[in-house]
Amino acid sequence: KAGVTQTPRYLIKTRGQQVTLSCSPISGHRSVSWYQQTPGQGLQFLFEYFSETQRNKGNFPGRFSGRQFSNSRSEMNVSTLELGDSALYLCASTLRSQENTEAFFGQGTRLTVV
Amino acid sequence: AQSVTQPDIHITVSEGASLELRCNYSYGATPYLFWYVQSPGQGLQLLLKYFSGDTLVQGIKGFEAEFKRSQSSFNLRKPSVHWSDAAEYFCAVGAPTAGNNRKLIWGLGTSLAVNP
C-alpha cells in the first residue's frame, strides 16, 4: 500500500509570508502527527489530529496551525513566517493514537525561509 | 516532566564492529519505547518497539534493544555494523499528556558514521 505522502518536498518562502503543507496518511490510518526537525532541536512535536480533531498540541506559537479532513488528509499552516521556521517538517500517520502503534513517516517538506 | 536523552551525538564505528547506542528516559511508569532510524533526506523508519513482556526486543535490520527498568535505559545494539547502517538514530518514549492522551517524546538523535 502507498506510504505517507507529503507535498511539496521543497519550499522556499520569504519572511512574513504564510505556507501550507499537506500530508496524506496511509490508507485506513486515522491519526496524523506533525513534527518540526532542526539540527539543533531535533524532532519537536507540533500537533496530532485524530478523526478531524486535534488531540495533542506541542509548545509552538499560534502561527502554527493544522487541520484534518474527513479522508484523514492533513494540512499544516504557518503564518507570518520567520527565519527560524526553516526546518524539515515531518508528518507521521498511525492507525489509531500515536503512542503505542507504529508511526509511519513521510519524507518531509524542507522549508527554507529567506 | 518526561524526557529522553541520547548521550552520544555522533558515533563512528568500523564496518563489522559491534554497536551500542544509548537511550535514557525519565518517566514514572513503564513507558512505551521506540527506536527509529532516519537515512539522509528520508523520513523515519521504525526499527523496534517495547511495550511489555520480554525486555530484549528484536527489530529489523539485525538490531535489538534491551529495556532496563533499573537504569531507565533502552539501548540499541547490533553485533556487526554494515556500511548501510550509517544514519541518524532516534529513541522515543510514548508518554501520557493531559486529558488521558499520549504523545511521543523524542531524543535528539545519534548520528552514526561507518568506516569501511
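Everything numeric in this text was worked out from a predicted model, so none of it was measured.

(A) Seen up close, the overall build of chain B. For chain B, the helix and strand inventory stands at zero helices and 12 strands. When the elements of chain B are put in sequence order from the N terminus, they spell out β-β-β-β-β-β-β-β-β-β-β-β. The C-alpha radius of gyration of chain B comes to 14 Å, within 12% of the 13 Å expected for a compact globule of 116 residues. Counting only C-alpha atoms and orienting by the principal axes, one finds that chain B spans roughly 50 × 30 × 20 Å. Residues classed as buried in chain B amount to 45% of the 116 residues present. Counted over contacts in chain B with a minimum sequence separation of 6, partners at least 24 positions apart contribute 52%. If you sum the accessible surface of chain B, you get close to 5,500 Å²; carbon and sulfur atoms cover 49% of it.

(B) Seen up close, the packing of aromatic side chains. Tallied over the entire structure, the rule returns 16 aromatic pairs over all chains. Taken together, a centroid distance of 4.8 Å and an interplanar angle of 70 degrees make the contact between Tyr-32 of chain B and Phe-51 of chain B edge-to-face. In this pair, Tyr-32 of chain B sits in strand β5 (residues 32–38) while Phe-51 of chain B sits in the loop between β6 (44–50) and β7 (56–58), placing the two residues 19 residues apart along the sequence. A ring pair is formed by Tyr-50 of chain B and Phe-74 of chain B, whose centres lie 6.4 Å apart and whose planes are at 45 degrees; its orientation type is tilted. One end of the pair, Tyr-50 of chain B, is in strand β6; the other, Phe-74 of chain B, is in strand β9 (residues 73–78), and 24 residues separate them in sequence. A residue is classified by how much of its surface remains accessible, and Tyr-50 of chain B, at 4% relative accessible area, is buried. Sitting above the plane of the Phe-50 of chain A ring, Arg-55 of chain A keeps its charged end 5.2 Å from the centroid.

(C) Broad picture of the side chain of Ser-22 of chain A. Residues and elements named next belong to chain A. Considering the arrangement of structural elements, one finds Ser-22 in strand β3 (residues 19–24). Given the relative accessible area of 13%, Ser-22 is considered buried. Of note is the side chain of Ser-22, whose polar atom sits 2.9 Å from the side chain of Arg-73.

(D) Just the layout of surface pockets, in detail. Volume-wise, the second largest pocket comes out at about 270 Å³. Along the wall of the second largest pocket there are 15 residues; nearest its centre are Gln-37 and Arg-110 of chain A together with Gln-38, Glu-88 and Phe-90 of chain B. Put simply, the parts of the chain that give the lining of the second largest pocket at least two residues each are β4 (31–38) of chain A together with β10 (87–96) of chain B. The greatest single-element share of the lining of the second largest pocket, amounting to three residues, is contributed by β10 of chain B. When grouped by side-chain class, the residues that make up the lining of the second largest pocket number six nonpolar, seven polar and two charged.

(E) Geometry of the sheet that holds strand β7 (residues 64–68) of chain A. Residue and element names in this part refer to chain A. In spatial order, the strands read β1-β3-β8-β7; together these four strands make up an open sheet with antiparallel pairing. Strands with a single pairing partner mark the edges of an open sheet, and in this sheet they are β1 (5–7) and β7. Neighbouring strand axes in the sheet, compared pairwise and without regard to direction, differ in orientation by 15 degrees on average. Pairing analysis gives five bridges linking β7 to strand β8 (residues 74–78), with the strands arranged antiparallel. The residue of β8 that forms the bridge with Gln-68 is Ser-74.

(F) Representation of the environment of Tyr-35 of chain A. By the secondary structure assignment, Tyr-35 of chain A is in strand β4. Within the structure, Tyr-35 of chain A has its side chain in polar contact with the side chain of Trp-106 of chain B (distance 3.4 Å).

(G) A look at the environment of Leu-21 of chain A. Residue and element names in this part refer to chain A. With respect to the helices and strands, Leu-21 occurs in strand β3. Judged by its relative accessible area of 0%, Leu-21 falls in the buried class. On a C-alpha basis, the gap between Leu-21 and Leu-95 in space is 21 Å, while along the polypeptide they are 74 residues apart. Each residue touching Leu-21, except ones within four places of it in the same chain, is listed here: Thr-7, Pro-8, Leu-11, Trp-34, Ser-74, Glu-75, Met-76, Tyr-89 and Thr-109.

About the criteria used
- Residues numbered from 1 in each chain as written.
- Chains lettered and ligands numbered in written order.
- Predicted model: local features only at pLDDT ≥ 70, side-chain atom pairs only at ≥ 80, totals over all residues.
- Heavy atoms only, no water.
- Helix = DSSP H or I, 4+ residues; strand = E, 2+ residues; numbered from the N terminus.
- Rg over C-alpha atoms; globule rule 2.2 N^0.38 Å.
- Buried < 20%, exposed > 50% of the residue type's maximum accessible area, 1.4 Å probe, protein only.
- Contact = heavy atoms within 4.5 Å.
- Areas by Shrake-Rupley, 256 points an atom, 1.4 Å probe, with all protein chains shown as cover.
- Phe/Tyr/Trp six-rings, centres within 6.5 Å; stacked < 30°, edge-to-face > 60°.
- Lys NZ or Arg CZ within 6 Å of the ring centre and 35° of its normal.
- Polar contact = N/O pair within 3.5 Å; in protein donor to acceptor, adjacent residues only side chain to side chain.
- 1 Å grid on protein atoms, 1.4 Å probe; cavity = no way out; pocket = protein on both sides within 12 Å on 5 of 7 lines; lining within 4 Å.
- Points joined across faces, edges and corners; volume = space filled by probe spheres on them.
- Nonpolar A, V, L, I, M, F, W, Y, C, P; charged D, E, K, R; others polar.
- Pairing = 2+ DSSP bridges.
- Axes fitted to C-alpha atoms, helices over the stretch in contact; angles between N-to-C directions.

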